[in-house]
Amino acid sequence: MLQALLISNGLQGLEKYYVSNELVRYTICLITKDFNPDLTPYDLLVVPNGSDHVAMLKIKDKVRAFLDEGKALVCCDGFFTAWVPGNQWLMDNSRRTLDVRYLPGPDRHGLLQNIDLDQLNFSHGMSGWWSCGYIQAAPGAEVLLADTWQRAIVVLDEVSTNGRMLLTASGPLADVTYSGKADSALVALYRNFIHLLSTSTVPAHG
Amino acid sequence: MAKIGLIFNGVWSHYAMATAPKYRDLYELLYVHDLTAAAVADLDALAIPFQSNQAVLTEKKDIIYDFLAAGKKVFLEGDSSTAWLDAQWEDRPVNNYWWVTDPTKPPVSDTNYDHPVYQGLTPRQACWHTHGVYTRVPEAAEILQTNAGGDVITWQTQQYGGTLLATTLDPIVEHGVQQITHLDNYVDRLTEWLSGVRPTPDRMTIDAAAYGEGALV
């Protein structure tokens, strides 16, 4: 079972979106003024939507060392500070949300399996509801989803560190069960990454 | 010189709005963990956005109430905690789609358009969605917006000295997110009410230099 540290800046209801299950046990780390968590017991660091990127910048060297040990990071948020190794999220509002569509890229680990992209493209018929801005991806990282303007929206980075990073351009992901219903795209993408971490015998650098 | 302190939980949407060229001279990001009375002393107003850290706000509530006691303004959006606010916020499902599924039933049914923040707004500009409701507000509070069930969405009170305006709308967060394109109308009026300065009327833009290594934190 993966041990995951879920970073929390005290948002109301956050714990409902990351529920421990047969693959992952979540421990919540509440950000304080002296934020400096011990990452060593964990396999996975989860930085969810709405996180504190001032706090994350304070531990950027620790995150880098964690990843260089072959561990994993999920950041599904707008990482506006420079704490994610090799990659940077940028906000942008120069394109019409009406025109946003997501296009799959190379996906050698099958992280897009069982995902209905139309769930990300449209919600109640509206487009542009999921991601915001885009990621300047590290050279060599896999762009799993690009937007209408070929900008990276979902990135799997196995090259910047010895570990693995799944990054989204601020689009939320979740680890919840909908009582027997099929997983939504937001859950399926996250769980495909968890499945990769749980079953992979190949280190990130192959 | 900044006039409004935006109490900052490190969240990207707060950052995007406060560092946007049309607002950045009026708003100062005040990282919640570093919030002190000295940091707010020279400001005219405080803004507490949705997705704030209610536990830390509770620890620092004296700063907020001392600020109000000095006759200044505080704007609070989204959720809140009874641990620091004499009002009961309750969560409700967010309806982002009412204007598609049933435009005749918006999440707010009654608005006091005489309030300076709401003057001149259309109903669509005055409510996009809500994050919960208030089922109890301070006795002396003035109700500014309600939903069809009579729950309170927006209220204000002067009982603490200055003016506390609270709403379950989330104009600061959603304006930072930029998926709702009419929010300059609300946020510009809010900014003027808080600071006395009306931002330029053009649409909010983003300064890419404020991201990454150039982040203003």
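Structural notes, computed from the coordinates. (Residues numbered from 1 in each chain as written. Chains lettered and ligands numbered in written order. Predicted model: local features only at pLDDT ≥ 70, side-chain atom pairs only at ≥ 80, totals over all residues. Heavy atoms only, no water.)

1. Points about the overall build of chain B
Note the cut-off: Every helix listed is a DSSP run of H or I at least four residues long, and every strand listed is a run of E at least two residues long, numbered separately from the N terminus. Atoms counted for the radius of gyration: C-alpha only. Globule rule: 2.2 Å times residue count to the power 0.38. Note on classification: 1.4 Å probe, protein chains only; a residue is buried when its accessible area is under 20% of the maximum for its type, exposed when over 50%, partly exposed between these limits. Contact criterion: two residues are considered in contact whenever any of their non-hydrogen atoms come within 4.5 Å of each other.
Each helix and strand in chain B was counted, giving eight helices and ten strands. By the compact-globule yardstick of 17 Å for 217 residues, chain B fits well, its C-alpha radius of gyration being 16 Å. With the C-alpha coordinates aligned to their principal axes, the bounding extent of chain B is approximately 45 × 35 × 30 Å. Here chain B holds 217 residues, and 59% of them are scored as buried. Contacts in chain B between residues at least 24 apart in sequence constitute 65% of all its contacts with a sequence separation of at least 6.

2. Focus on empty space enclosed by the protein
All names here are of chain A. Put simply, the rule is: For each structure, a 1 Å grid was placed over the protein atoms alone; sets of points admitting a 1.4 Å probe that cannot get out are labelled cavities, open sets with protein on both sides within 12 Å along at least five of seven lines are labelled pockets, and lining residues have an atom within 4 Å of a point. Grid points are joined across faces, edges and corners, and a volume is the space filled by probe spheres set on the points. Under the scheme applied, nonpolar residues are Ala, Val, Leu, Ile, Met, Phe, Trp, Tyr, Cys and Pro; charged residues are Asp, Glu, Lys and Arg; polar residues are all the others, including Gly.
The tally for this structure, following the rule as stated, stands at one cavity of 30 Å³ or more. Computed from the structure, the largest cavity encloses a volume of approximately 180 Å³. As for the largest cavity, its lining consists of 19 residues, and the residues nearest its centre are D92, T97, S131, C132 and G133. Taken together, the residues of the lining of the largest cavity break down into seven nonpolar, seven polar and five charged.

3. A closer look at the nonpolar core
Nonpolar side chains in soluble globular proteins generally cluster together in the buried interior. The test is simple: The nonpolar core is taken to be a set of buried Ala, Val, Leu, Ile, Met, Phe, Trp, Tyr and Cys residues, with the residues joined through side-chain atoms within 4.5 Å.
Core analysis: the largest hydrophobic core is formed by 115 residues, its most contacted members being A:L44, A:L45, A:F193 and B:Y211. Beyond its immediate chain neighbours, meaning those up to four positions away, A:L44 contacts A:Q3, A:A4, A:L5, A:F66, A:A72, A:L73, A:V74, A:Y190, A:F193, A:I194 and A:L197. Among the nonpolar cores identified, the runner-up in size contains 28 residues, and B:I7, B:L43, B:V74 and B:A166 belong to it.

4. Focus on the interface of chain B and chain A
As a reminder of what qualifies: Two parts placed together each lose some accessible area under a 1.4 Å probe, and the buried area is that loss summed for both. Take a side-chain nitrogen of Lys or Arg and a carboxyl oxygen of Asp or Glu: if they are within 4 Å of each other, that pair is a salt bridge. Any N or O atom pair separated by 3.5 Å or less is treated as a polar contact, with the protein-specific requirement of one donor-capable and one acceptor-capable atom, and with residues adjacent in sequence counted only for side-chain atom pairs.
Taken together, the contact between chain B and chain A spans 35 residues of the former and 37 residues of the latter. Across the chain B/chain A interface, buried area totals approximately 2,800 Å², and carbon plus sulfur atoms make up 59% of it. Three residues stand out in chain B for area buried against chain A, namely B:W12, B:Y97 and B:Q179, and they jointly supply 24% of the buried area on that side. In this structure, the connection of chain B to chain A is made through one salt bridge. With a shortest N-O distance of 2.7 Å, A:K33 and B:D34 are connected by a salt bridge. At the junction of chain B with chain A, the criterion picks out 15 residue pairs in polar contact (both at pLDDT 80 or more). When residues of the side of chain B that touches chain A are traced back to their parent elements, those giving at least two are α1 (12-18), α5 (98-101) and α7 (171-177) of chain B. Of the residues belonging to the side of chain B that touches chain A, the class tally is 17 nonpolar, 13 polar and five charged.

5. Section: helix α2 (residues 60-68) of chain A
All names here are of chain A. In plain terms, the rule: Here, the arc refers to the directions that run from the helix axis to the C-beta atoms.
Of the positions making up α2, those classed as buried are V63, F66 and L67. Buried residues along α2 cover an arc of 95° about the axis, so they all sit on one side. Buried-residue contacts for α2 involve β3 (44-47), α1 (53-58), β4 (72-77) and β12 (164-169). Where α2 terminates, the next one or two residues include G70, which has phi positive at roughly 90°.

6. Topic: the pattern of salt bridges
Inspection of every chain in the model, using the stated rule, returns 18 salt bridges over all chains. For A:R108, the salt bridge goes to A:E142, with nearest N and O atoms at 3.6 Å. You can see A:R108 sitting in the loop between β6 (103-104) and α3 (117-121) and its partner A:E142 sitting in strand β10 (residues 142-146), a full 34 residues away along the chain. You can call A:R108 exposed: its relative accessible area is 58%. Linking B:D184 and B:K22 is a salt bridge whose minimum nitrogen-to-oxygen distance equals 2.9 Å. Taken together, the positions of B:D184 in helix α8 (residues 184-195) and B:K22 in the loop between α1 and β2 (27-31) put the pair 162 residues apart, joining distant regions of the chain. Exposure remark for B:D184: the relative accessible area of 9% places this residue in the buried category.

7. Details of the packing of aromatic side chains
Under the convention used in this document: Side-chain rings of Phe, Tyr and Trp, where Trp is taken by its six-membered ring, are said to pair if the distance between their centres is within 6.5 Å; with planes under 30 degrees apart they count as stacked, over 60 as edge-to-face, and otherwise as tilted.
Under the definition given, this model contains 15 aromatic pairs over all chains. Ring centres of A:Y18 and A:Y26 lie 5.7 Å apart, and the angle between their planes is 70°; on these two criteria the pair is classed as edge-to-face. Accessibility classification places A:Y18 together with A:Y26 in one group, the buried group. Pairwise contacts between aromatic rings join A:F80, A:W89, B:F8, B:W12, B:Y15, B:Y31 and B:Y211 into one cluster.

8. Some remarks on the pairing of β3(A)
Residue and element names in this part refer to chain A. The criterion, for reference: Strands are labelled as partners when DSSP assigns at least two bridges between them.
With burial as the criterion, each face of β3 is covered, one bearing L44 and V46 and the other bearing L45 and V47. Both strand β1 (residues 2-8) and β3 contribute to a ladder of three bridges, which runs parallel. If you follow L6 over to β3, its bridge partner there is V46. The sheet contact formed by β3 and β4 spans four bridges and is parallel. The residue of β4 that forms the bridge with L44 is A72.

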